[in-house]
Amino acid sequence: MNGFSYEIMKANACHTKFAEQICKEIESSAKQRGSGISKRTPELIIQKILEDKAVIAITDMGEWAGFCYIESWENDQFVSNSGLIIAPQFRKNGLARKIKAEIFNLSSLKFPNAKVFGLTTSSAVMKINSNMGYEPVIYSEITQDDKFWEGCKSCINWEILQSKNRKNCLCTALLFDPLSEVNENNNSKLISLMA
Ligand SMILES: CC(C)(COP(=O)(O)OP(=O)(O)OC[C@H]1O[C@@H](n2cnc3c(N)ncnc32)[C@H](O)[C@@H]1OP(=O)(O)O)[C@@H](O)C(=O)NCCC(=O)NCCS
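Residues numbered from 1 in each chain as written. Predicted model: local features only at pLDDT ≥ 70, side-chain atom pairs only at ≥ 80, totals over all residues.

Draft legend 1. Structural detail: the sheet that holds strand 6 (residues 135-137). Spatial strand order, 1-2-3-4-5-7-6: seven strands in an open sheet with mixed pairing. Every other strand in the sheet has two partners, leaving strand 1 (6-10) and strand 6 as the edge strands with one partner each. Taken over all neighbouring pairs, the strand axes of this sheet differ in orientation by 25° on average, direction set aside. In the sheet, strand 6 pairs with strand 7 (residues 172-176) via three bridges, with the strands oriented antiparallel. Its bridge partner being in strand 7, Val137 is matched across the sheet by Ala173. (Pairing = 2+ DSSP bridges. Helix = DSSP H or I, 4+ residues; strand = E, 2+ residues; numbered from the N terminus. Axes fitted to C-alpha atoms, helices over the stretch in contact; angles between N-to-C directions.)

Structure, rendered in structure tokens:
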């Protein structure tokens, strides 16, 4: 769909009504791609929304168009970007790119010193993240918090991850370190773009 108008914002209590729809879309899109994905429950999505840890895109018709959330790990040393999903009819319009920029901004405001990371099998997400300054890393460079990795239990590739002692799997880990010299410049540029 081209030319639709939407607003991207930090999700709030009004948006919890979309939680079920978002979960269903995450699951059915992963099935369609034949890729692994951690299943999310509507309760988890609602929790992230109410904790001010989610970004949502809403069209001028009041439809949900895109979503993503963050979580912090190991005493806020790391922040994960998770659950990025764009409703199929709104894809290929640059929406994921904009949501990722907004979610990055939210991560930087809430957890300014945290390393930001994501796990993905999606070439679109790899492209977006690389443009933002994320770099591919080995799994030992992202959080080692067991609770984060427990999220992978519902993925079809869980056995592979286990068999590799959590050292690697089918997903690529992408990391943004705000304290690296190059990223300090990128970071301030991104934040000023979003202001
Ligand atoms: C992946 C996804 C989030 C992309 O959303 P989107 O709004 O269509 O992406 P954008 O329009 O912002 O495109 C960003 C870039 O990715 C590219 N891209 C988008 N979809 C792509 C695809 N299916 N394959 C390859 N590249 C793709 C675009 O061409 C664009 O690059 P460009 O600016 O150089 O042209 C969306 O297709 C989706 O929700 N898929 C299902 C869930 C999923 O895979 N989530 C990621 C899990 S980690």
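After that view, the rundown keeps rolling.
Draft legend 2. Structural view of the site of the ligand. Close to the ligand lie 18 residues; Arg91, Ala96, Arg97, Thr120 and Ala124 are nearest. Among the secondary structure elements, those contributing two or more residues to the shell around the ligand are strand 4 (78-86), helix 3 (95-110) and helix 4 (123-132). The leading source of residues in the shell around the ligand is helix 4, at five residues. Within the shell around the ligand, the residues separate by chemical class into eight nonpolar, six polar and four charged. (Near = placed C-beta within 6 Å. Nonpolar A, V, L, I, M, F, W, Y, C, P; charged D, E, K, R; others polar.)

Draft legend 3. Inspection of unusual backbone geometry at higher detail. Even without glycine at this site, Asp52 takes up a positive phi of about 60°. Within the element layout of this structure, Asp52 appears in the loop between helix 2 (42-50) and strand 2 (54-59). Of note, Lys92 is a non-glycine position whose phi angle comes to about 60°, a positive value. Here Lys92 is to be found in the loop between strand 4 and helix 3. By C-beta crowding, Lys92 is classed as exposed, having 11 other C-beta atoms within 10 Å. (Buried ≥ 20, exposed ≤ 12 C-beta atoms within 10 Å, placed from the backbone.)

Draft legend 4. Just helix 1 (residues 19-33), in detail. When the terminal C-alpha atoms of helix 1 are compared, their 21 Å separation across 15 residues agrees well with the 21 Å that a helix rising 1.5 Å per residue should span. Looking at helix 1, one finds that the buried residues are Ala19, Ile22, Cys23 and Ile26. Seen end-on, helix 1 carries its buried residues on one side only, within an arc spanning 100°. Exposed residues pointing more than 90 degrees away from the buried face of helix 1 are listed as Lys24, Ser28, Lys31 and Gln32. Packed against the buried residues of helix 1 are helix 2, strand 3 (64-73) and strand 4. In the stretch just after helix 1, Gly34 is the one whose phi turns positive, near 70°. (Expected span 1.5 Å × (residues − 1). Arc of directions from axis to C-beta. Contact = placed C-beta atoms within 7 Å.)

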